[in-house]
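# Per-entry structural report
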Amino acid sequence: MASHHSRFQAAHHAARTVFGRVTSFATVLALTSAALPPLVVAQGVAQGISQAQPSNLSGAWVSPPTNNVLERLEGPFTDDWTGMPMNAAGQALAQSYSAGMLAEPERVCQLYGQFHYANGAVGTRLTIWPVVEGSTDEIVAWKIDKTEDIGGLTIWVDGRQAPSKYANHTREAFTTGHWKGNMLVAYTTGMKSAPARDNGAFYSDQATMTSTFIPHNGNLLVVVTSLHDPVYFTKPYVYSRAYERAAADTAINPRWPPCIVNYEGVAEGVVPFFLPGKNPLRDQMMKVFHVPEYASVGGEDTMFPAFRDKLKDEYLKLYPSFPKHCMQYCTTFRNGNPVANQALPEERVPPLKSSP
Amino acid sequence: MKQVSVMRNPVMNGTAPVALALLVSLTAQTLAHAQGRRGAGGPPPSAQAAAPVDFTGYWESMVTDEDWVYRMVTPRPGDSAGVPLKTIGLQVMDTWDPAKDTAAGQQCKSYGAPTIMRVPGHLHVTWQDEQTLKIDTDAGQQTRLLHFDDSDAHQGPKSLQGYSVAQWEFQRPPGRVAATAKPLWGALKVTTTDLTAGYLRKNGIPYSEQAQLQEYFDLVKDSPDDDGETLMILTSTVIDPVYLFEPFVTDENFLKLPGDAGWKPSACSAMW
């Protein structure tokens, strides 16, 4: 979990100069925009570029650090599969997972499947730009890079066909897209098996992914990702995340070294894993959040409100015994930066001068 | 028109930005012109008639992300992880006493507009009239009214659900099209003010009467064609100068249901 934290901080400070030369375009755009009639209307209208490319997704985007804090900073708990529609096979695979397996040379990049842009620490900062071709600079694809990855997501919008289903699956996979009004809808196939959550919740190489990019007012981008997997999921795993437009000089560095895994002390030829029922970290959700194992193992029913009825009596019975102050995993934010230590009142961050 | 920024990159040569800017210019003029024509021939259509997408029907929360421990169960005492809470907010949170809230008839403080859409449950969305979209919840049995006609805004007292002003965002096909042409895309933007104080989470994380809520409602499919399940994606931003350092932004997902199956009205609870 500590590696997630350091990764976040490193990404936060990395690469501030890659996209520095935007002045000329901004000037051109400002001049053309100045000549336009204002789009102030009673019931709003979306902006557009052309019929073929109705929206401009280009830019640096940062997800506000207020959603999914456990995934983004501390990293997901070793046994937190709550809200994931995994079937029995998916649950068994997740419970056998040992993070040490990522130290094996052949698995060192396995963390970075295409779904990974949607969630986790690596997906908190996106850089998007159009790929153009030909003498008319026709946009043939949209490229999405995220923190700490290589290859990114290339969404082909030029109508090209996906490779045969028998083609070799790759980590880059293959993604086509089409515009639905202001939304870009992308469909990814040919993926390799990878985690949907960084704690062993894998999807298979039969999975497909539908991503919808929805810009609002030029400064907000909503990304919705649905992961369909006939092997390990019983329903699509839907994940959404909001992004705000960021200054160009905060764009991520696409040359960030990929697939860095700390040495875990795994000897050559050893595949770290846990036998069924032997994972010693299966009780973390109970210890920290008082969530029983029948909930933490996930499954379709944990996604929906009715599941609360199963938990209610047992959970509320325990509640009076919980510590009165948050002692672990209490990270919050101030000015966009993580503030971890708020466990005890006397240790809390001082108020800003402007605070009442 | 918001400025669109495009970053320079290896595939973005010197001519591309100019071409892109001209396209923005031409299309924006087309859209602006279309808007001007729409109102010229008579009164604008009602919000219901102008709806570019249909949010009506029954919806069920899908809690699929790592905020599960803050939504599906009552969060731990003192746990404000992810919330940019000022010290004064932390101090108020420390005073949370659900028994006291219940005794004071304040058990609905975690069902106000900034929170109610994150409470796992079902929504029933209907048109109350041609200018007002209504959202009923089974959890806490709350009703939100989204006003497209805001002429009576700021006239009533503050309330748990506040006063919500709604606005369609939409995009018609480019070119010479009728004002009644079906939009290519649409979304709903809602701004809520006039709130009474409440809780952002069940464990007493406060928001003040000065809080404002901004929401975007989007409809998507969970597959690339139109055959998949319909999802409503809500992006919420709570701004509170009293208790929050910065905006509190969250996402919520809802699954469209064919009917009222699962609709289970329950009273507000200060503890669950």
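Residues numbered from 1 in each chain as written. Chains lettered and ligands numbered in written order. Predicted model: local features only at pLDDT ≥ 70, side-chain atom pairs only at ≥ 80, totals over all residues.

Here the focus is the overall build of chain A. On a plain count of helices and strands, chain A comes out with seven helices and 13 strands. Sequence separation of 24 or more characterises 63% of the internal contacts of chain A that already satisfy a separation of 6 or more. (Helix = DSSP H or I, 4+ residues; strand = E, 2+ residues; numbered from the N terminus. Contact = placed C-beta atoms within 7 Å.)

This brings us to the overall build of chain B. When helices and strands are counted, chain B shows five helices and eleven strands. Counting only residues that meet the buried cut, chain B has 53% of its 272 residues in that class. Sequence separation of at least 24 residues holds for 62% of the intrachain contacts in chain B that already meet a minimum separation of 6. (Buried ≥ 20, exposed ≤ 12 C-beta atoms within 10 Å, placed from the backbone.)

To continue, consider the nonpolar core. Counting residues in each nonpolar core, the largest one holds 132 residues, and the members touching the most others are Trp142, Leu184, Ala196, Tyr203 and Val222 of chain A together with Leu231 and Met232 of chain B. Residue contacts for Met232 of chain B: discarding those within four places in its chain leaves Phe55, Trp59, Phe217, Leu219, Phe254 and Lys256 of chain B. (Core = buried A, V, L, I, M, F, W, Y, C linked by C-beta atoms within 7 Å.)

Looking now at the confidence of the model for chain B. Residues and elements named next belong to chain B. Mean pLDDT over chain B works out to 85, with 82% of the residues at or above the 70 mark. A low-confidence stretch, residues 1-39 stays under pLDDT 50, and its non-local contacts, those more than four residues away or across chains, total 91 contacts. Complex prediction metrics read pTM 0.83 and ipTM 0.85. (pLDDT = per-residue confidence, 0-100.)

With that settled, the discussion passes to helix α3 (residues 87-94) of chain B. All names here are of chain B. Among the residues making up α3, those that are buried are Gly89, Leu90, Val92 and Met93. The buried side chains of α3 occupy one side of the element, clustering within an arc of 160 degrees when seen end-on. If you follow the buried residues of α3, they end up packed against β8 (205-207). (Arc of directions from axis to C-beta.)

A few words on the pairing of strand β7 (residues 194-197) of chain A. On any regular strand, side chains alternate: one points to one face of the sheet, the next to the other face. Residues and elements named next belong to chain A. Here β7 runs beside strand β8 (residues 201-203); their pairing, made up of three bridges, is antiparallel. Each bridged residue has a counterpart across the sheet, and for Ala194 the counterpart in β8 is Tyr203. Hairpin connection between β7 and β8: a loop of three residues separates the two successive antiparallel strands, and Gly200 in this loop has a positive phi of roughly 100 degrees. (Pairing = 2+ DSSP bridges.)

Residues and elements named next belong to chain A. In this model helix α7 (residues 307-318) runs 18 Å from its N-terminal to its C-terminal C-alpha over twelve residues, within 8% of the 16 Å that 1.5 Å per residue would give. Burial in α7 covers these residues: Phe307, Arg308 and Tyr315. On an axial view of α7, the arc spanned by its buried residues comes to 65 degrees, and they lie on one face. Structural note: α7 exposes Asp309, Asp313 and Lys317 on the side pointing more than 90 degrees away from its buried face. (Expected span 1.5 Å × (residues − 1).)

Structurally, Phe170 of chain B can be placed in strand β5 (residues 163-171). Along the chain, Phe170 of chain B and Gly121 of chain B lie 49 residues apart, while their C-alpha atoms are 28 Å from each other.

Residues and elements named next belong to chain B. Read once around its circumference, the closed barrel built from nine strands follows the order β1-β2-β3-β4-β5-β6-β9-β10-β11, with strand pairing classed as mixed. Looking at each pair of strands side by side, their axes are set apart by 30 degrees on average, direction ignored. Alignment of strand β10 (residues 230-239) against strand β11 (residues 248-257), held across eight bridges, turns out to be antiparallel. Across the sheet, residue Leu234 finds its bridge partner in β11, namely Glu252. (Axes fitted to C-alpha atoms, helices over the stretch in contact; angles between N-to-C directions.)

For the rest of this paragraph, the subject is unusual backbone geometry. All names here are of chain A. Even without being glycine, Ala173 reaches a positive phi, approximately 55 degrees. Among the structural elements, Ala173 can be located in the loop between β4 (153-156) and β5 (174-180). Judged by C-beta crowding, with 24 C-beta atoms within 10 Å, Ala173 ranks as buried. Here the phi dihedral of Asn217 falls at roughly 55 degrees; this positive angle occurs in a residue that is not glycine. For Asn217, the location among the structural elements is in the loop between β9 (208-216) and β10 (220-228).

Let us now look at the sheet that holds β10 of chain A. Here nine strands make up a closed barrel; going around it, the order is β1-β2-β3-β4-β5-β6-β9-β10-β11 (chain A) and the pairing mixed. Strand-to-strand twist in this sheet, taken as the mean axis angle between neighbours without regard to direction, amounts to 30 degrees.

Another point: the pairing of strand β6 (residues 183-189) of chain A. All names here are of chain A. In terms of residue burial, β6 counts as a mostly covered element, since five of its seven residues are buried. Summarising the sheet, β5 and β6 pair through seven bridges and their orientation is antiparallel. Bridged to Trp179 within β6 is Leu184. Adjacent in sequence and paired antiparallel, β5 and β6 are bridged by two residues, among which Gly181 carries a positive phi angle near 65 degrees. Sheet analysis places β6 next to β9, joined by five bridges and oriented antiparallel. Bridge pairing in β9 links Thr188 to Met209.

This brings us to the environment of Val242 of chain B. All names here are of chain B. Within the secondary structure layout, Val242 lies in the loop between β10 and β11. Of the residues examined, Val242 has 17 C-beta atoms within 10 Å and is grouped as partly exposed. Put simply, Val242 and Val92 are 150 residues apart on the chain and 11 Å apart in space, counted from C-alpha to C-alpha.

Quick look at the confidence of the model for chain A now. Residue and element names in this part refer to chain A. Chain-level pLDDT for chain A is 77 on average; 71% of the residues reach the 70-or-more range. Across residues 1-51 the pLDDT falls below 50, and counting only partners more than four positions away or on other chains, this stretch makes 110 contacts in the model. This stretch, residues 343-356, has a pLDDT under 50; its non-local contacts, to residues over four places away or in other chains, come to 24 contacts.

This paragraph deals with the environment of Pro105 of chain A. Assignment of secondary structure puts Pro105 of chain A in the loop between α4 (88-95) and β2 (125-133). Separated by 181 residues in the primary sequence, Pro105 of chain A and Met286 of chain A have C-alpha atoms spaced 33 Å apart.

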